[in-house]
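Results of the structural survey
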Amino acid sequence: MLVTTFSFLWLLLGLTTVLGDCDNAVTMVRNLLDSLEKTTKTLDSCLSKTPVVFHAEMGSHRTFEKGSIWNYDRVVTNEGNAYNPSTGKFTAPTNGVYQFNWYTLSDFTLTSNAGLFVNGKLKASQASTNSAGRSHKWVTSGSGMALLLKKGDEVYIGSVYGGIAKLRGQFTAFGGVRIN
């Protein structure tokens, strides 16, 4: 549609040059631009009504080095397709307020430090210490955070502080939902 619109504008400008009626051509171009602006607002409104919600888990026990992005490869829900299990990143499809939650279960006697990042900047962190694992008492850590995001912002979980993160499968999860 954009290509057609620009083609139409060039045609109008060409006819204006040939016919010499600049005032009429300017009015027609302004009306066309107003129409395009209204169409863009309508499309933005439609996009903001599309549900955006995801929940993904680790498909198996995984190990990550400090600074690594954790990719949750077992996707349970991904309405709006904003979460990419290959990269582990959520990309905001529209401006809005989003709620994120993440849960971590470390391997026996280890601490795994998870950080929530937005565009590469650490926004929140948690520590999952499973020192009770030998007595068969598992402890899962969880955190949540609401964020005001812009379209295109990338949100992900990664290893922070300490060293290696050894995580226990489906008990380690990441999810989010657009609130408005």
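Residues numbered from 1 in each chain as written. Predicted model: local features only at pLDDT ≥ 70, side-chain atom pairs only at ≥ 80, totals over all residues. Heavy atoms only, no water.

**Quick word on the overall build of the protein**
When you go through the protein residue by residue, the secondary structure sums to two helices and twelve strands. Per-residue burial for the protein yields a buried fraction of 36% across its 180 residues. Counting only contacts in the protein whose residues sit at least 6 apart along the sequence, the fraction spanning at least 24 positions is 69%. Summing over all exposed atoms, the protein offers an accessible surface of approximately 10400 Å²; the carbon and sulfur share of this is 57%. (Helix = DSSP H or I, 4+ residues; strand = E, 2+ residues; numbered from the N terminus. Buried < 20%, exposed > 50% of the residue type's maximum accessible area, 1.4 Å probe, protein only. Contact = heavy atoms within 4.5 Å. Areas by Shrake-Rupley, 256 points an atom, 1.4 Å probe, with all protein chains shown as cover.)

**Thoughts on the sheet that holds strand 1 (residues 53-57)**
As summarised here, the arrangement of the five strands in space is 3-1-12-6-9, forming an open sheet in which the pairing is antiparallel. Both edges of this open sheet fall to strand 3 (74-79) and strand 9 (141-149), since each of them pairs with a single strand only. Taking each pair of neighbouring strands and ignoring which way they run, the sheet shows an average axis angle of 10°. As defined by bridge partners, strand 1 adjoins strand 12 (residues 173-178) across five bridges and the pair is classed as antiparallel. (Pairing = 2+ DSSP bridges. Axes fitted to C-alpha atoms, helices over the stretch in contact; angles between N-to-C directions.)

**Side note on the pairing of strand 7 (residues 111-118)**
Of all eight residues making up strand 7, seven are buried, and the element is well covered by its neighbours. The sheet contact formed by strand 7 and strand 8 (residues 121-129) spans eight bridges and is antiparallel. Bridging across to strand 8, Ser112 finds its partner in Ser128. The turn joining strand 7 and strand 8, which pair antiparallel and follow one another in sequence, is formed by two residues; a positive phi near 50° is taken by Asn119. Sheet topology note: the strand 7/strand 10 (residues 154-159) ladder contains five bridges and is antiparallel. What sits directly across from Phe117, in strand 10, is Tyr156.

**As for the packing of aromatic side chains**
For the coordinates displayed, the defined rule picks out twelve aromatic pairs. Ring centres of Phe54 and Tyr83 lie 5.0 Å apart, and the angle between their planes is 0°; on these two criteria the pair is classed as stacked. Within this pair, whereas Phe54 is found in strand 1, its partner Tyr83 is found in strand 4 (residues 83-84), the two being separated by 29 residues in sequence. By the burial criterion, Phe54 is buried, and Tyr83 matches it. Counting every residue linked through ring pairs, the aromatic cluster contains Phe54, Tyr72, Tyr83, Phe90, Tyr98, Phe100 and Phe174. (Phe/Tyr/Trp six-rings, centres within 6.5 Å; stacked < 30°, edge-to-face > 60°.)

Nothing here speaks to function; it is geometry throughout.
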